[in-house]
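Commentary on secondary and tertiary structure
Spelled out, the chains give:
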Amino acid sequence: MADYARKIVEVNGASDVIKVIRGKIEEIELPEKVDVIISEWMGYFLVYETMLSSVIFARNRWMRPDGIMLPTEATLFLGAFSWPEKIQEHIGCWRRMYGYDFTPLLPLASRSLIEEPIVEMLTPQQEVTESEPILHLDLRTVEEKDLVEWKANATLKAIISARVYGVFAWFEVQFPRSKPDTKERSSKVEKEFDDSGLILSTSPEDEPTHWAQTIFFFENFPLLEQDDRLETKLNVKTNAQNPRLLDIEVSWRHQPDTTRTSRNNLKEAKKNDDTCAASVQTPSLDWKKSNYKMQ
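All residue numbers here refer to positions counted from 1 along the written sequence of the relevant chain. Local features in this predicted model are restricted to residues of pLDDT 70 or higher, and side-chain atom pairs are both shown and tallied only at a pLDDT of 80 or more, whereas totals for entire chains, interfaces and linings draw on every residue. Water and hydrogen atoms were dropped before computing side-chain values, which therefore reflect all heavy atoms in the structure.

Focus on the overall build of the chain
- The helix count covers DSSP runs of H or I at least four residues long, the strand count covers runs of E at least two residues long, and both are numbered beginning at the N terminus. Looking only at helices and strands, one finds five helices and 14 strands in the chain.
- In this scheme, a residue with accessible area under 20% of its type's maximum is buried, one over 50% is exposed, and one in between is partly exposed, where area comes from a 1.4 Å probe on protein chains only. Here the chain holds 295 residues, and 42% of them are scored as buried.
- In what follows, residue pairs with any heavy atoms lying within 4.5 Å of each other are defined as contacts. For the chain, the share of sequence-separated contacts (at least 6 apart) that also reach a separation of at least 24 residues comes to 80%.

Some words on the layout of surface pockets
- In this analysis, the protein atoms alone were mapped onto a 1 Å grid. Cavities are point sets where a 1.4 Å probe fits without being able to get out; pockets are open sets with protein on both sides within 12 Å along at least five of seven lines; lining residues have an atom within 4 Å of a point. Grid points are joined across faces, edges and corners, and a volume is the space filled by probe spheres set on the points. Considered as a void within the structure, the largest pocket measures approximately 990 Å³ in volume.
- Lining the largest pocket are 30 residues, with Lys19, Ile21, Ile25, Ile28 and Leu30 sitting closest to its centre.
- Mapped onto the lining of the largest pocket, the elements with two or more residues apiece are α1 (2-11), β1 (34-38) and α2 (52-62).
- Here the element with the most residues in the lining of the largest pocket is β1; it accounts for five residues.

Quick word on unusual backbone geometry
- Going from Leu70 to Pro71, the amide bond is cis rather than trans, its omega being 0°.
- For Pro71, the position within the fold is in the loop between β2 (63-70) and β3 (73-81).
- Within the chain, Phe45 stands out as a residue other than glycine whose phi angle is a positive 60°.
- Following the sequence through the fold, Phe45 ends up in the loop between β1 and α2.
- For Ala212, which is not glycine, the phi dihedral falls at a positive 50°.

Focus: the nonpolar core
- Within this scheme, the nonpolar core is defined by two criteria: the residues are buried Ala, Val, Leu, Ile, Met, Phe, Trp, Tyr or Cys, and they are joined through side-chain atoms within 4.5 Å. Phe45, Leu46, Leu137 and Trp150 are the most contacted members of the largest nonpolar core, which has 49 residues in total.
- Excluding residues that lie within four positions of it along the chain, Leu137 makes contacts with Trp41, Leu46, Val47, Leu52, Thr72, Glu73, Ala74, Val142 and Leu147.
- Counting 13 residues, the second-largest nonpolar core is a separate cluster that includes Phe81, Ile114, Ile118 and Ile215.

What to know about the side chain of Ser201
- Its place among the elements puts Ser201 in strand β9 (residues 198-201).
- In this structure, Ser201 is in contact with Trp170, Phe171, Glu172, Asp206, Glu207 and Thr209, ignoring residues within four places of it in sequence.

Quick look at the packing of aromatic side chains
- Centre distance within 6.5 Å is the pairing criterion for rings of Phe, Tyr and Trp, where only the six-membered ring of Trp is used; planes under 30 degrees apart are then read as stacked, over 60 as edge-to-face, and the remainder as tilted. Going through the model one piece at a time under the given rule, you end up with nine aromatic pairs.
- Lying across the ring of Trp62, Arg61 places its NZ or CZ 3.9 Å from the centre.
- Lysine and arginine charges are scored as sitting over a ring when NZ or CZ, respectively, is within 6 Å of the ring centre and within 35 degrees of the ring normal. Sitting over the face of the ring of Trp287, Lys233 holds its NZ or CZ atom 4.3 Å from the ring centroid.

Details of the sheet that holds strand β6 (residues 149-157)
- Pairing is antiparallel in the open sheet, where four strands are placed in the order β6-β12-β13-β14. Lying at the two open borders of the sheet, with one neighbouring strand each, are β6 and β14 (288-294). Pairs of neighbouring strands in the sheet enclose a mean axial angle of 20°, with direction left out of account.
- For two strands to be treated as a pair, DSSP must find no fewer than two bridges joining them. Across ten bridges, the pairing between strand β12 (residues 229-238) and strand β13 (residues 246-255) is antiparallel. The residue of β13 that forms the bridge with Leu230 is His254. The axes are straight lines fitted to the C-alpha atoms, using for helices just the contacting stretch, and the angles between their N-to-C directions are given from 0 to 180°.

A closer look at the environment of Ala154
- In this fold, Ala154 is placed in strand β6.
- Considered as a pair, Ala154 and Trp252 are 98 residues apart in the sequence and their alpha carbons are 9.5 Å apart.
- Those residues in contact with Ala154, other than ones at most four positions away along the chain, are Glu132, Ile134, Leu230, Glu231 and Thr232.

Some words on the pairing of strand β8 (residues 166-175)
- Among the ten residues of β8, seven are classified as buried, and the element is accordingly described as predominantly covered.
- Of the pairings in the sheet, the one linking β3 to β8 comprises nine bridges and is antiparallel in character. Each residue of the ladder has a partner; that of Thr75, found in β8, is Glu172.
- Sheet topology places β8 next to strand β10 (residues 213-217); four bridges connect them, and they run antiparallel. Directly across from Val167, in β10, lies its bridge partner Phe216.

Focus: α2
- Those residues of α2 that sit buried are Leu52, Ser54, Val55, Ile56, Ala58, Arg59 and Trp62.
- The secondary structure elements touched by the buried residues of α2 are β1, β2 and β5 (132-138).

Thoughts on the environment of Phe217
- With respect to the helices and strands, the residue Phe217 is situated in strand β10.
- Each C-alpha atom of the pair Phe217 and Val167 lies 6.7 Å from the other, and the pair is 50 residues apart in sequence.
- Apart from residues no more than four positions distant in its own chain, Phe217 is found in contact with Phe81, Trp83, Lys86, Ile87, Leu113, Ile114, Ile118, Tyr165, Gly166 and Tyr292.

So yeah, pure geometry; function would need other evidence.
Structure, rendered in structure tokens:
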């Protein structure tokens, strides 16, 4: 790739401005400190199979004290979703196939769906709750040790009445926007930027990206009424054998909206959800836990 980059520089007449250096950032030597570091280091779930450790090394070793990191900040969000079609496709189909009863395979099919998250695109119509931030990284100060293990709590408020099949993660990264030219421009690089920068988002409500969303299916599917809350806890660790992989524990419980005296919306949601039982069930206040491996 470095050879092709060098040729592109040459054919565009920029060889006197751009120098291509081939090698790992941990191994190469640069002629001087740098003003700007640009890297597309983000992985699925923001930090899965990420190259962030190399970016942090480059920053600590080669960036000037007044240098700029692009992107500058990154935030990971969590929300809850509804997707009965996926459950039917992956699990429900085994109830009856080609006229035969395949229900003995249901536990295996269910386990294969909940043990490992999947990466797919959701639509805004599948969002059941608001999304809340669970991890914020300032690329100017974050260190590799900060990501060895981290925990987060998020309370997700239902914006519609629907059955929740799990939670999903998406992220956004921020690039500071250049300030207009002025007669008194500072000599420091960071003064050339302000805080209202450009945002790259992988939310279901924004343009699709190859990162899509990272989806964690639950083993049990709570039915939420609008304004109910799904309390969640996450414990994320780098895998002991491969630090680019992740072990993720998700705990959750359903907290109903205690200000509401009627649950008519919930009954209507049940009526329209063919995966539900006929009667309205009392939400469980017990914590439920699932473990996932991103590998």
